[in-house]
Amino acid sequence: AQSVTQLDSQVPVFEEAPVELRCNYSSSVSVYLFWYVQYPNQGLQLLLKYLSGSTLVKGINGFEAEFNKSQTSFHLRKPSVHISDTAEYFCAVSQGGSEKLVFGKGTKLTVNP
Amino acid sequence: GAVVSQHPSWVICKSGTSVKIECRSLDFQATTMFWYRQFPKQSLMLMATSNEGSKATYEQGVEKDKFLINHASLTLSTLTVTSAHPEDSSFYICSASSVKPYGYTFGSGTRLTVV
């Protein structure tokens with residue numbers, strides 16, 4: 001069965017610092033990869049997705065992620081964070097051909113002034 | 001872009017009553033919708049997958065008689081929590097899949113509190 005590992009449950013950073021949220025998945029077949037952000041008491045908002053093509057994916061709010069097939073990783077990065085980026089971030093995977101999304105446990109990003 | 005409307009956003013009900021949550025895809029047809037449950041500070045747990053016009057497929061451990069899912073049209077799926085108990089209190093989120101552009105759009109969630 002597929003699994004998604006988000007290595008850090010909490011990531012505190014200072015405003016304007018760079019950040020990387022790590023995500024690894026387990027699958028030997030083609031996958032689609034997603035990053036979502038969740039603000040308190042809200043649903044999930046898509047940040048970016050990788051379906052095929054270029055391994056560097058740019059999303060909204062200045063976020064980007066790189067698909068690394070050999071390392072089965074899809075880490076999320078932002079060069080300079082803002083206070084408003086404080087939220088929970090979820091990495092998710094769907095196996096090619098399947099509609100089910102498998103989520104990681106989430107990473108709580110806290111941006112401090 | 002694709003928009004999914006979910007309501008109510010929050011609901012308080014008495015133990016033993018039933019609650020219905022609606023999930024609508026506003027600008028696209030969703031042949032498949034998903035219902036998730038999220039406990040505080042935890043990830044999303046898939047409860048069931050619903051396809052328009054057919055019975056929902058429930059994940060292992062989810063009581064289908066307690067969590068009734070109906071997907072009567074290409075734009076509407078409902079989740080009814082029957083005979084609710086305090087342990088059913090949770091955050092419920094729906095999502096709909098779309099072919100173009102491929103992806104999943106999530107509703108804003110429903111906070112259910114059973115007292």
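Scroll up to find the structure this text is about.
Computed from a predicted structure; not experimentally measured.

It is worth spelling out the overall build of chain A at this point. For chain A, the helix and strand inventory stands at 0 helices and 12 strands. Along the chain direction, N to C, the helices and strands of chain A fall in the order β-β-β-β-β-β-β-β-β-β-β-β. Taken over C-alpha atoms, the radius of gyration comes to 13 Å for chain A, in line with the 13 Å a tight globule of 113 residues would show. Seen through its principal axes, chain A has C-alpha atoms that stretch 45 × 30 × 20 Å. Taken across its 113 residues, chain A has 43% of its residues classed as buried. Taking as baseline every contact in chain A between residues at least 6 positions apart, the subset at least 24 positions apart corresponds to 54%. Counting only carbon and sulfur atoms, one obtains 50% of the accessible surface of chain A, whose full area is about 5500 Å². Averaging the positions of the 9 positive and the 9 negative side-chain charges in chain A gives two centres separated by 8 Å.

Turning our eyes to something else, we now look at the interface of chain A and chain B. Listed by partner, the interface residues are 19 residues for chain A and 22 residues for chain B. For the pair chain A and chain B, the summed buried area comes to about 1600 Å², and 54% of that belongs to carbon and sulfur atoms. One can count 1 salt bridge joining chain A with chain B. A salt bridge links Glu59 of chain B to Lys100 of chain A, with the nearest nitrogen and oxygen atoms 2.8 Å apart. Applying the counting rule to chain A against chain B returns 6 residue pairs in polar contact (both at pLDDT 80 or more). The set of elements that each furnish at least two residues to the side of chain A that touches chain B consists of β5 (31-38), β6 (44-50) and β10 (87-95) of chain A.

For the structure shown, the criterion picks out 8 salt bridges over all chains. Arg24 of chain B is the partner of Glu22 of chain B in a salt bridge, and the nearest nitrogen-oxygen pair spans 3.5 Å. Where salt bridges share partners, they join Glu20, Glu66 and Arg77 of chain A into one cluster.

A word on the sheet that holds strand β8 (residues 76-81) of chain B. Residues and elements named next belong to chain B. Pairing is antiparallel across the open sheet formed by 4 strands, whose spatial order is β1-β3-β8-β7. Among the strands making up the open sheet, the edge pair consists of β1 (4-7) and β7 (67-73). Each adjacent strand pair in this sheet contributes to an overall mean axis angle of 15 degrees, direction not counted. Here β1 runs beside strand β3 (residues 19-25); their pairing, made up of 4 bridges, is antiparallel. Bridging from a neighbouring strand, His7 pairs with Glu22 of β3.

Thresholds, definitions, all that
Residues numbered from 1 in each chain as written. Chains lettered and ligands numbered in written order. Predicted model: local features only at pLDDT ≥ 70, side-chain atom pairs only at ≥ 80, totals over all residues. Heavy atoms only, no water. Helix = DSSP H or I, 4+ residues; strand = E, 2+ residues; numbered from the N terminus. Rg over C-alpha atoms; globule rule 2.2 N^0.38 Å. Buried < 20%, exposed > 50% of the residue type's maximum accessible area, 1.4 Å probe, protein only. Contact = heavy atoms within 4.5 Å. Areas by Shrake-Rupley, 256 points an atom, 1.4 Å probe, with all protein chains shown as cover. Lys, Arg positive; Asp, Glu negative; His and termini not counted. Charge placed at Lys NZ, Arg CZ, Asp CG, Glu CD. Buried area = accessible area lost by both parts, 1.4 Å probe. Salt bridge = Lys/Arg side-chain N within 4 Å of Asp/Glu carboxyl O. Polar contact = N/O pair within 3.5 Å; in protein donor to acceptor, adjacent residues only side chain to side chain. Pairing = 2+ DSSP bridges. Axes fitted to C-alpha atoms, helices over the stretch in contact; angles between N-to-C directions.

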